[in-house]
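Coordinate analysis (summary)
So you can see what is in the structure, the chains are spelled out below.
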Amino acid sequence: MADPMNSPMWADLSTRFFQGAAVHFSDKVKLTMPGITENQHQFPVMIDGRAVPGATRMILFEDLNPIPLSVDYQLQKSAAVFATCIKLDQRTPVRGAVLGTDGWHVASQWVDAAGGGCSAPPLSRVRGDWHDHLGELRGAAWPHADGVRLRLTIRHPMDTGLVENIAAYNLEELSVRNAAGDVLATLSIFGSVAEDPVFTFSVPGAAGDQLMIEARDTGGVRISGQVAVPRVSPFPAEVRQ
């Protein structure tokens, strides 16, 4: 299909990511993000593809970033909704794509950015304390109408390799399991995800469950932890959306 964003990179990226599968530009995928970048190092994006039939995979990419692919999310048993923050190096289309039974459904938006998100050193490198906090994992979970909402943050510089004298170094894998060992979600993560990344998922589960988190970076550092789902939601009923 013709790209509604008229991006010069669409033909190349669609071939690379979708590999000949059917592509639909439809309103079944909701892409929520600001229209302009206030901080090119931390740009929030949420993809909601729960209307796509048989959704199994989600990807987040930015056409004109030097590292276009940010996240490749294998849903396993989880709902097709996901949020994180990314870096932006210039004005670009940002896209959320969801693979369903009838092919890929794509939502796209142009966003203005001042530039430098991928080519400037992260704050932890500037402060010099990144190694003191590397791999620190924090998380919270709460019962939700479609299972459990899980939010994680991992301390990591997420170096792109585009800054002089700083090699590429980023988280590259993350998985969520339940106490029985069932895989609920897996992510492949790339250098255009923001420093100290935050990930929000909707996974199967209930109050009282324990969720097991495992991650690995490109240097072989392994990170793990557990998040308990409280038996009572910390939020009032009207905000449990």
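The structure under discussion appears in the preceding block.
The present account deals with the structure reproduced in this document. Treat the numbers as computed from the prediction; the structure is a model and nothing was measured.

The strand order across the open sheet formed by 6 strands is 2-3-6-13-10-9, and the pairing between neighbours is antiparallel. In this open sheet, the two edge strands, each paired with only one partner strand, are strand 2 (30–32) and strand 9 (137–144). Sheet twist, expressed as the mean angle between neighbouring strand axes with direction ignored, is 15°. The sheet contact formed by strand 2 and strand 3 (residues 43–48) spans 3 bridges and is antiparallel. What sits directly across from L31, in strand 3, is I47.

This part covers the packing of aromatic side chains. Counting across every chain of the model gives 11 aromatic pairs. Here the aromatic rings of W10 and F18 are separated by 5.9 Å at their centres, their planes lie at 55°, and the arrangement is tilted. A single burial state applies to W10 and to F18, both of which are buried. Judged by centre distance (6.3 Å) and plane angle (70°), the ring pair of W130 and Y169 falls under edge-to-face. Note that W130 is positioned in helix 3 (residues 130–133) and Y169 in the loop between strand 10 (147–154) and strand 11 (171–178), a separation of 39 residues in sequence.

A word on the environment of R216. By secondary structure assignment, the location of R216 is in strand 14 (residues 210–217). For R216, the contacting residues outside a window of four places in its chain are L171, E172, E173, V221 and R222. Looking at R216, its side chain comes within polar contact range of the side chain of E172, at 2.5 Å. A polar contact is formed between the side chain of R216 and the side chain of E173, at a distance of 2.6 Å.

The next point concerns the nonpolar core. Counting residues in each nonpolar core, the largest one holds 44 residues, and the members touching the most others are L174 and F201. Here L174 is in contact with L152, I154, A185, T186, L187, I189, F199, F201, I213, E214 and A215, once residues within four sequence places are set aside. With 11 residues, the next largest nonpolar core counts L13, F17, V23 and W104 among its residues.

For side chains bearing opposite charge, pairing can occur when the charged atoms are close. Enumeration over the complete set of coordinates arrives at 8 salt bridges. Of the charged contacts in the structure, one is a salt bridge between R50 and D48, with a shortest N-O distance of 2.7 Å. Classification of D48 as buried rests on a relative accessible area of 16%. Here the salt bridges do not stand alone but share partners, grouping D3, D63 and R95 into one network.

Looking now at the pairing of strand 14. In the sheet, strand 11 pairs with strand 14 via 7 bridges, with the strands oriented antiparallel. Note on strand 14: the bridge partner recorded for N178 is L211. Connecting the antiparallel pair strand 14 and strand 15 (residues 222–228) is a turn made up of 4 residues, with G220 showing a positive phi of about 90°.

Moving on, we come to unusual backbone geometry. The backbone of M158 shows a phi angle near 50°, a positive value even though the residue is not glycine. Checked against the element boundaries, M158 lands in the loop between strand 10 and strand 11. Of note, the phi angle at D196 is positive, near 50°, even though the residue is not glycine. Examined against the element boundaries, D196 turns out to sit in the loop between strand 12 (183–189) and strand 13 (198–203).

Rules and cut-offs
Residues numbered from 1 in each chain as written. Predicted model: local features only at pLDDT ≥ 70, side-chain atom pairs only at ≥ 80, totals over all residues. Heavy atoms only, no water. Pairing = 2+ DSSP bridges. Helix = DSSP H or I, 4+ residues; strand = E, 2+ residues; numbered from the N terminus. Axes fitted to C-alpha atoms, helices over the stretch in contact; angles between N-to-C directions. Phe/Tyr/Trp six-rings, centres within 6.5 Å; stacked < 30°, edge-to-face > 60°. Buried < 20%, exposed > 50% of the residue type's maximum accessible area, 1.4 Å probe, protein only. Contact = heavy atoms within 4.5 Å. Polar contact = N/O pair within 3.5 Å; in protein donor to acceptor, adjacent residues only side chain to side chain. Core = buried A, V, L, I, M, F, W, Y, C linked by side-chain atoms within 4.5 Å. Salt bridge = Lys/Arg side-chain N within 4 Å of Asp/Glu carboxyl O.

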